[in-house]
Amino acid sequence: VSQTLDALTRAVPPETILTDPAARAALATDESKIPGDCLAVVRPVTEAQVVAVLRASAEHGFSIVPRGAGTAATGAAVSRADQVVLDLSAMNRILEIDRRDLVAVVEPGVLTGALQAAVEEQGLFYPPDPASSAISTIGGNVATCAGGLRALKYGVTRDYVLGIRAALADGSVVDLGGRNLKSVVGYDLVRLLVGSEGTLAVFLRLVLRLIPRPAAFETVLASFETVEGGLLAADALLAAGLLPRALEYLDRDVLAVVAPALGEKLGDRVQSRLLVELDGSETAVREDAGRALEVLGKAGAIEARRARTAVERDELWLARRSVSKTVRTLAPAKKSEDLGVPRSRLAEAIAAIKAAGRAEGIRVLAYGHAGDANLHVNFLYDPASPQQRAGLERAIAAARKEALARGGTISGEHGVGLLKREAMRDEVGPRALDLMRGVKRAFDPDDRLNPGKALPPHETDGD
Ligand SMILES: Cc1cc2nc3c(=O)[nH]c(=O)nc-3n(C[C@H](O)[C@H](O)[C@H](O)COP(=O)(O)OP(=O)(O)OC[C@H]3O[C@@H](n4cnc5c(N)ncnc54)[C@H](O)[C@@H]3O)c2cc1C
């Protein structure tokens, strides 16, 4: 312990090192709430300080957990008692917003919401929009390839990362990619680092793609008499040539939970709802919203409302925004999975996942992004009951299986972290896992960067 602390003290200024127990405990865990600990937290303010910590780690053999805001849902930012947390949140400058190159150059600790606001002020747009944008960092978003509500139209974080300056495990610094929208020289190491969960490199600087800000948007909420109605209507919108920036689906089970919390009396006829948000130029978006209402009507909507003001828009979004918070109050505990399936399999996947929960006596609420078919599945249970705990594990395993059986994925946006390491074997074959391990060895031969995350443990592999 003292050897590591001595090495850190020699490497970086004392004011960047936190060792008090409260800070260590707080910064050693993430949204997964898996308890963690650490030897110390280093909160660098310069690239040179990050490099110095990595060099000390290589020299003295301690390992490092890079950290943004600690909002990861998977344990990706949880550290162990023998590790050092490298907290990048103080490297939070927006270095450049270039309107002609359409890029932003930022340090990793910038909050995503702060970047969005800064570029929008200049008539530009950074589309990735995780629900955590107000509290998570760009570095964390890139390291997890964060998704969000706008993926159908705009893609996810990986589609906006053009360049990365990264510090490697040995303390060397590489500039990968750059400011070019098109670039095909060599292997795409930028994409490889996106979603690498702090296991391959520490991001020092990111070059992010921007686009012009859409001038206007319109929000429509439609209700349907069948559970599938909302999903079929989403198909109908796309078939009609509309490409909404958000398409959020809520079924009766979820609506029945949020309606009382919002003081709404949910009519018996409403079995599902679809929230649609369109953006573009003023005229295009007005026309598109009119068409969307028409299509939704033809698809069987019993009611479709278009927000006329910002307040009305917030009202339409309220049900969707309150789901996570309200669901939390329904049972002593909940676990969430963010499964993904091809769009065409969404309705059957939801039905199968709910059936899997019922078979185990576990209440399941599923809602999510009907556009990109990334489902948030909430399993409600009582941790005090051994039966419920066992049933929960079986229900989660069955739900993942149902997604995979339909060509889906066990994580659409949250990643692997600690929680999905075993389960990923069912999605990624042994040969592909070997390749991933080879990549890890190439970047970090001594396993010092976030060891034990993002890949299955070795033992059970037999290697
Ligand atoms: C309320 C809430 C809503 C959420 N909604 C969404 C959502 O809609 N979509 C979504 O995708 N996720 C969502 N998340 C999950 C989470 O916000 C994202 O995974 C986010 O990208 C994590 O960012 P962070 O700054 O908190 O990173 P952290 O949690 O600190 O770290 C996450 C990972 O990134 C690595 N890392 C962090 N910074 C660096 C760096 N500079 N260099 C290298 N590696 C680094 C860490 O080692 C870790 O592996 C939500 C979480 C919460 C709490």
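Scroll up to find the structure this text is about.
Description of the structure in this document. Every value quoted in this text rests on a predicted model; they were computed, and no experiment measured them.

Each value, and the rule that gives it
- Residues numbered from 1 in each chain as written.
- Predicted model: local features only at pLDDT ≥ 70, side-chain atom pairs only at ≥ 80, totals over all residues.
- Heavy atoms only, no water.
- Helix = DSSP H or I, 4+ residues; strand = E, 2+ residues; numbered from the N terminus.
- Contact = heavy atoms within 4.5 Å.
- Lys, Arg positive; Asp, Glu negative; His and termini not counted.
- Charge placed at Lys NZ, Arg CZ, Asp CG, Glu CD.
- Buried < 20%, exposed > 50% of the residue type's maximum accessible area, 1.4 Å probe, protein only.
- Pairing = 2+ DSSP bridges.
- Axes fitted to C-alpha atoms, helices over the stretch in contact; angles between N-to-C directions.
- Salt bridge = Lys/Arg side-chain N within 4 Å of Asp/Glu carboxyl O.
- Near = heavy atom within 4 Å.
- Polar contact = N/O pair within 3.5 Å; in protein donor to acceptor, adjacent residues only side chain to side chain.
- Areas by Shrake-Rupley, 256 points an atom, 1.4 Å probe, with all protein chains shown as cover.

This part covers the overall build of the protein. When helices and strands are counted, the protein shows 14 helices and 18 strands. If one aligns the C-alpha atoms of the protein with their principal axes, the spans along those axes are about 70 × 60 × 40 Å. Taking all contacts inside the protein whose residues are at least 6 apart in sequence as the whole, residues at least 24 apart take part in 71%. Placing the 57 positive and 60 negative side-chain charges of the protein at their respective mean positions leaves the two points 2 Å apart.

A few words on the pairing of strand β10 (residues 202-209). Among the eight residues that make up β10, six are buried, leaving the element largely enclosed by the rest of the structure. As judged from the four bridges shared by strand β6 (residues 103-106) and β10, these two strands associate in the antiparallel manner. Looking at β10, one finds that V106 is bridged to L206. With six bridges connecting them, strand β8 (residues 161-167) and β10 associate as antiparallel partners. Counterpart to V161 in the pairing with β10 is L208.

Once that is clear, we can look at the sheet that holds β6. Read from one edge to the other, the open sheet built from five strands follows the order β5-β6-β10-β8-β9, with strand pairing classed as antiparallel. With partners counted over all chains shown, the strands left at the sheet margins are β5 (94-98) and β9 (173-177), one partner each. Across the sheet, the mean angle separating the axes of adjacent strands is 10° when strand polarity is ignored. Most of the contacts of helix α3 (residues 47-60) go to β10, to which it runs at about 140°, and overall it touches β8, β9 and β10. Where helix α4 (residues 112-121) meets the sheet, its contacts fall on β5, β6 and β10, and the angle it forms with β5 comes to roughly 35°.

Turning our attention to the pattern of salt bridges. Counted under the stated rule, the structure contains 39 salt bridges. Taking the shortest distance from any N to any O, the salt bridge between E218 and R306 comes out at 3.1 Å. Here R306 lies in strand β15 (residues 303-306) and E218 lies in strand β12 (residues 216-224), a separation of 88 residues in the sequence. Overall, E218 belongs to the buried group, its relative accessible area being 12%. You can call R306 partly exposed: its relative accessible area is 26%. The partner of D253 in a salt bridge is K354, and the shortest N-O contact between them spans 3.0 Å. With D253 in helix α9 (residues 252-261) and K354 in helix α12 (residues 346-359), the pair connects residues that are 101 residues apart, well separated along the chain. We classify D253 as partly exposed; its relative accessible area is 35%. Judged by its relative accessible area of 13%, K354 falls in the buried class.

Turning to helix α8 (residues 229-239), its buried residues number three or more, namely G229, G230, L231, A233, A234 and L237. Structurally, α8 contributes buried residues whose contacts are with β12, β13 (246-251), β14 (272-280), α10 (282-298) and α12. The first or second residue beyond α8 is G241, which carries a positive phi of 90°.

Close to the ligand lie 32 residues; P66, G68, T71, S132 and T137 are nearest. Separating an oxygen atom of the ligand from a backbone N or O atom of A76 is a distance of 3.3 Å. With respect to the ligand, the side chain of N141 contributes an N or O atom lying 2.8 Å from an oxygen atom. Contact with the protein chains removes 91% of the 980 Å² of surface that the ligand exposes when unbound. Among the secondary structure elements, those contributing two or more residues to the shell around the ligand are β3 (63-67), α5 (138-144) and β10. Per-element tally for the shell around the ligand: the top contributor is α5, with five residues.

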